[in-house]
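# Understanding the architecture of this molecule
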Amino acid sequence: MTLRVSTNNFVNSSLLLNGLPSLSNLRLLDVSNCNISAPILGTLHNLSLIVHIDLSYNGMVEELPKSLSNLCNLVTFNLQSNFFVGNASELLERFCECESPKIKFLSLTDNKLVGQLPEKLGRLKNLVSLDLAYNKLTGNIPDSVGCLSLLITLQMNVNQLTGSIPDTIGGLSSLNYLDMSYNKLNGSFPESIGRLGELEFLTVHHNSLTGIVTENYFSNLTSLTTLWIGDNKLVLNFKVKNWIPPFQLKVLRIGSCNLGPHFPLWIQSQTSLTELDLANTNISDTIPNWIWTTFSSVTFLNISHNNIQGKLGNVSFLAPGALLDLSFNHFHGVLPGHFNRPQLDFLDLSSNSLSGSLEQFLCSGIQESQPLRVLDLGNNNMSGVISDCWMNWDFLVILNLEKNQFSGIIPSSIGNISSLLSLDMRHNKLSGNLPMSLLNSKSLTIIELAENELVGGIPTSIGRGHTSLKLLNLRSNKLEGKIPYEICNLSSIQIMDLAHNDLSGNLPTCFKNLTVISGRETSGPTFLVGGKLGNVSFLAPGALLYDTLFQNQVLGSASLVTKGRVATYDNILYLVTTLDFSNNKFSGSVPDELVSLLGLRYLNLSKNNLKGQIPNSFNNTGKFESIDLSVNHLKGKFPSSLSALTSLSFLDVSYNNLVGRIPKGPQLQTFNASSFIGNELCGDPLPECLQNTDDPSGTNDENDESIGIDWILVICTLIGLVIGFWMVIAPLIASKRWRDVYYRFLEGIWIRLQNFTLIIFPCPTQLTHYTHNLDENLLCIELSTRLQLKEEL
C-alpha cells in the first residue's frame, strides 16, 4: 500500500492523520511539504512493513519517539526541515541495532536535534546518503564512518562537532559529496581524502583545521569540481612550481588559508572557474595580467585583505550579477568607466589607493538601470564633486563613499533611490545643507554624514511620513540652530549622534517617542538576503549573500564615541542605542525623560551649557552603560537614583557645580576619581567628607535645593534697611523742634561719655611729676573745668 500526497494541505485533517496507524500494510508514506504541524511520528510504530517515510518540509513539532526501534525495514527516512527535538544518538543507535539494517537514505537535516554520532554508525553499511546538517550535534566523528563504503553523500555541516576528521574517511570509495563546514573540527586535514577518486564536492570551511597541505593531497581527485577549505588555519605549500592539478574546478574557495607571498600559478590552469576566493591568504604581489584574461564567466571573485598592488584591469570576464571584492589591498589609479558594464551585483573596492572622480563610473555610457546592489568605495583617495547620475542606480541597497576627499553638495537624487538602506559618506569635504530627500527617505536605515562641512540647521520637516531610520550620524559638521521637536518623528532611531556642531537651545522633551530607545521595542540583527535587509534570529550561512566577513564589514558597521573613546561596532550594532549631543551649545536643563529611557545604553551631553540639577529619575531597570555629563554648569547634589544603575560601566560628571557626598552604589565607587573632579563632591572615590557635611548617610532628597546665594533673603534685607533709614531721617528733616531735641540728646550722650573717660583716666594732681608732658596735662585740666561748668549750667 502506498500513500503519496506530497505538496497538499488537505492532509492536515485530523481524520486522515488519526487513521495512519491502522494502515498496517502501508509500505510508502509521503506527506512532504503538506504544512503539517501535528505530531504523527509516534503513531507509526505499528507500521512494520513500511520502507519509505517522507515527512520533510512540514512544521512538525515533536520529540523523536523511542518506539521506532522496530522499523528495521526502512530504506528511506526523511525528516528534513521540521522542528523535531530530542537525541539523534538514540535514533541512530536503534537503526544500528537492527540485525540487518536496510536504511539507505537518512535525512535529519534542519531540525533541533542534539546528541553524538554513535560508534556503531559503520553498521549501516547500506547507507547511500546521510544528511545530519543544521542541527546541534556534538562530539567526534567516529572512525567507523569509514566502513560506509556505499556512501555517496555525507552532510554534517552546521553542527558543533569537535575533534579531527578521521583518517578512515579515505575508505569511502563511492563518496561524491562531502560537507563538514561550520563545525568546530580541529587537527590536521587528512591526506586520505586524496584517495576519494569519485569526490566532486569537498567543503570543510569554517573550522579550525591546521597543518600543511601539499599537492599530494589532491593527486587522485580527478573528479573534483568544488574545493572549499577556506576559513581554517591551513598552509597550502605546493612544492612543484608549475604543478597542474588533475581536476578542473568550478569553485575554488581557499580564503584565509596561507598561500603567499606570490599568486599561485596553478590557478591559471583552472579555466572553468566560476567562483574564486583568495581573500586573506597573505599574498603580497603585483596583480598578474592573467587574472583579467584567463576566465570567462566568473560570478564570484574575492581577493580582498591581501597586499596586492597594481591598477584595475578589464572585468569583462565577470558574468552579469557577479560579486567582485578587491578591498583592503593597494590598487591605485582611477576607477575605470568600464567597471559599470558587467552589470555587477556587488562591488567592493574599499581600502585601496584609488584616485580621481566618480563621474566616468557613475555616468559614462549608462542608458538603463544598473542591477548593482552594493557599492563600497570607502577609504580611498577619490575626490571631486559627486555627480548627480544616480537615477540609473535604483537597485542600490548599500552605498559607502566614506573617508575620501569628495566635495560639493550631496546630490538630492541619492535620497530618491527607493531601495537604498545604508548611506555612508562620513569623513569627506561635503558642504551645503542636509538634503531633505535623505532625512525623509522611507527606505534608509543608516545615514552616516559625520566629519564633513555641512551647514545650516536640522529642518523641521525631518521624519515627515514613516521612516525606517535607525542610525543618524551628523557628528563634526557645522550645523547650527535648535534641534526641532520633529526629530522625534524618527521613531525607529537607535543611534543619533549630533556631537561637535554649533547646535543650541534646549534639548527636546520628546524622546519617549523613540520606540527602541524608550524600551518599547527591541531590535534584531540585520542581514542582506535577496536585496532586502531584514531582522532575523537565525539564518543559514548558505542563504547569505556573502559571508561572515561581509556581514560585519558592509551591512552595519559604525564608529561611535562611547565610554569616552571611539569604538567600532559591526555584528552587534543592532544592540547599540546611543544619544550623543556633546560639544555643542545646548542650554537649559537636562530633561527628566532623557534619563528615564529604558532602552538607552549610551548618553553623552558633555561640553555644553546645561544648567540646573541632574534629574533624579534614573530607572534601575534601564540599560545605561555609559553616561557623560561633564563640563557643563549642572548644580545640586548627586542624584541617588543614578547610584542604583547596575549596568553602568562609564560615568563622567566632572567639571560641574555638584556638591555633597557621592552616594554608595554598586558601580559608583568603582570609577576613577577623575569622573567626579571639578565639583565640590566628597566621599569614595574622592576624599572623605567632613563631619558637618550635609546628608552624612550618603542619601539625597530629590527636592533638596542646591547650596548658593539666597536672593530673596538679600532683597528683603536691603528693603528693610532702606525703610528703617528713612523712618529716622524723614522726621528730622521735616520738624525743627525734633531736630533740636535730637541734637540735645546726642550732646548729652557726648558729655556723659567724656565724664566717663575722666573718671577712668583722671588728670594728674602733681604737675611737677609730668614736666615732660606739660601740654597734655594743661589740656586735661581745661577739659575737666569746661565739663564741670556745663553740668552746672
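The rules behind each value
Each chain carries its own residue numbering, running from 1 in the written order of its sequence. In keeping with the predicted nature of the model, local features appear solely for residues at pLDDT of at least 70, side-chain atom pairs appear and are counted solely at 80 or more, and the whole-chain, interface and lining totals rest on all residues. The side-chain figures draw on all heavy atoms in the structure; neither hydrogens nor water molecules are used. Pairing between two strands requires that DSSP report at least two bridges joining them. Elements are defined by DSSP. Helices are runs of H or I of four residues or more, strands are runs of E of two residues or more, and each kind is numbered from the N terminus. Pairing of aromatic rings covers Phe, Tyr and the six-membered ring of Trp, with a centre-to-centre limit of 6.5 Å; geometry is then stacked below 30 degrees between planes, edge-to-face above 60, and tilted otherwise. Between buried and exposed lies partly exposed: a residue is buried under 20% and exposed over 50% of the maximum accessible area for its type, with that area taken using a 1.4 Å probe on protein chains only. Criterion for a charge above a ring: Arg CZ or Lys NZ at most 6 Å from the ring centre, at most 35 degrees from the ring normal. Contacts between residues were defined by any pair of non-hydrogen atoms, one from each residue, lying within 4.5 Å. Identification of polar contacts relies on pairs of N or O atoms within 3.5 Å, with a donor-acceptor requirement for protein atoms, meaning one able to donate a hydrogen and the other able to accept it, and with residues adjacent in sequence counted only if both atoms are side-chain atoms. Under this scheme, a helix contributes an axis fitted over its contacting stretch, all axes are lines through C-alpha atoms, and angles between N-to-C directions fall in the 0 to 180 degree range. Patch membership requires more than 30% relative accessible area and the absence of a salt bridge. Residues of like charge join within 9 Å; the nonpolar side chains Val, Leu, Ile, Met, Phe, Trp and Tyr join within 5 Å. Here the open area of atoms and residues is found with the Shrake-Rupley method and a 1.4 Å probe, where only the protein chains shown may cover a residue. Salt bridge, as used here: a side-chain nitrogen of Lys or Arg that lies within 4 Å of a carboxyl oxygen of Asp or Glu. Asp and Glu are treated as the negative residues and Lys and Arg as the positive ones, with His and the ends of the chain left uncounted. Lysine's charge is taken at NZ, arginine's at CZ, aspartate's at CG and glutamate's at CD. For this text, the term disulfide refers to a pair of cysteine sulfurs within 2.5 Å. The predictor rates its confidence in each residue with pLDDT, a number between 0 and 100.

We now examine the pairing of strand 21 (residues 330-334). Relative to strand 21, strand 19 (residues 309-311) runs parallel, the two sharing three bridges. Paired with Lys 311 across the strands is His 332, a residue of strand 21.

Moving on, we get to the packing of aromatic side chains. Counted according to the given criterion, the structure contains 16 aromatic pairs. Ring centres of Trp 243 and Phe 247 lie 6.4 Å apart, and the angle between their planes is 80 degrees; on these two criteria the pair is classed as edge-to-face. Each member of the pair, Trp 243 as well as Phe 247, is classed as buried. Taken together, Phe 218, Phe 238, Trp 243, Phe 247 and Trp 266 form an aromatic cluster joined through their ring pairs. If you follow Arg 253 out to its NZ or CZ, it ends over the ring of Trp 228, 4.4 Å from the centre.

The next thing to look at is helix 2 (residues 88-96). For helix 2, the tally of buried residues reaches seven of nine residues, placing the bulk of the element in the interior. Along helix 2, the residues that are buried comprise Ala 88, Ser 89, Leu 91, Leu 92, Arg 94, Phe 95 and Cys 96. As for helix 2, its buried residues are in contact with strand 5 (76-78), strand 6 (83-87), strand 7 (105-107) and strand 8 (112-114). Residue Asn 87 occupies the N-cap position of helix 2, its side-chain oxygen lying 2.8 Å from the main-chain nitrogen of Ser 89.

The next subject is the sheet that holds strand 45 (residues 633-637). The strand order 43-45-47-48 describes an open sheet built from four strands, whose pairing is parallel. Whereas interior strands pair on both sides, the edge strands pair on one side only; in this sheet they are strand 43 (611-613) and strand 48 (680-682). Strand-to-strand twist across the sheet, computed as the mean angle between neighbouring axes with direction ignored, equals 20 degrees. Across three bridges, the pairing between strand 43 and strand 45 is parallel. Paired with Gln 613 across the strands is Lys 635, a residue of strand 45.

Side chains of Glu 119, Asp 143, Asp 167 and Glu 191 sit close together on the surface and give a patch of like negative charge. Counting through the fold element by element, Asp 143 comes out in the loop between strand 9 (129-131) and strand 10 (153-155).

Across the sheet, three strands lie side by side as 4-6-8; this open sheet has parallel pairing. Each edge of the open sheet is held by one strand with a lone partner, namely strand 4 (61-63) and strand 8. Recorded for the sheet is a direction-independent mean angle of 10 degrees between the axes of neighbouring strands. Examined bridge by bridge, strand 6 and strand 8 share three bridges and lie parallel to one another. By the bridge assignment, Asn 87 is partnered in strand 8 with Val 114. Sheet contacts for helix 2: strand 6 and strand 8; angle to strand 6, the most-contacted strand, approximately 75 degrees.

Right, let's talk about the state of the cysteines for a bit. Following the criterion strictly, the structure yields four disulfides and no others. Two residues, Cys 363 and Cys 389, share a disulfide whose sulfurs are 2.0 Å apart. The disulfide joining Cys 363 to Cys 389 has a torsion of about 100 degrees about its S-S bond and is therefore right-handed. One end of the pair, Cys 363, is in helix 4 (residues 359-363); the other, Cys 389, is in the loop between strand 25 (383-385) and strand 26 (398-400), with 26 residues separating them in the sequence. Accessibility expressed as a relative area gives 25% for Cys 363, which makes it partly exposed. For Cys 389, a relative accessible area of 17% corresponds to the buried category. Here Cys 682 engages in a disulfide with Cys 689; their sulfurs sit 1.9 Å apart. Judged by the torsion about the S-S bond (95 degrees), the Cys 682/Cys 689 disulfide is right-handed. On the basis of relative accessible area, Cys 682 is assigned to the buried category, the value being 12%.

Burial runs high along strand 18 (residues 298-302): four of the five residues are buried. Of the pairings in the sheet, the one linking strand 18 to strand 20 (residues 318-325) comprises four bridges and is parallel in character. Residue pairing for strand 20: Leu 301 is matched across the bridge by Leu 324.

Once that is clear, we can look at unusual backbone geometry. Note the cis peptide between Gly 260 and Pro 261, where omega equals 5 degrees. Each neighbour pair has its own omega, and for Asp 684 with Pro 685 the value is 15 degrees, a cis peptide bond. The residue Pro 685 is located in the loop between strand 48 and helix 7 (711-734) in this model. Phi is positive for Asn 379, which is not a glycine, with a value near 60 degrees. On the secondary structure map, Asn 379 appears in the loop between strand 24 (374-376) and strand 25.

A few words now on the pattern of salt bridges. Applying the stated criterion across every chain, the model contains eleven salt bridges. Here the salt bridges share partners, and the residues they tie into one network are Glu 402, Asp 424, Arg 426 and Glu 448.

Here we come to a nonpolar patch on the surface. Where nonpolar side chains cluster on the molecular surface, the patch consists of Ile 715, Ile 719, Ile 723, Met 727 and Val 728 and spans about 500 Å² of accessible area. Position of Ile 715 among the secondary structure elements: in helix 7.

Glancing now at the confidence of the model for the protein chain. On average, residues of the protein chain score 85 in pLDDT, and 85% of them are at 70 or above. A low-confidence stretch, residues 527-554 stays under pLDDT 50, and its non-local contacts, those more than four residues away or across chains, total 69 contacts. Counted against residues more than four places away or in other chains, residues 695-708, with its pLDDT under 50, gives 22 contacts.

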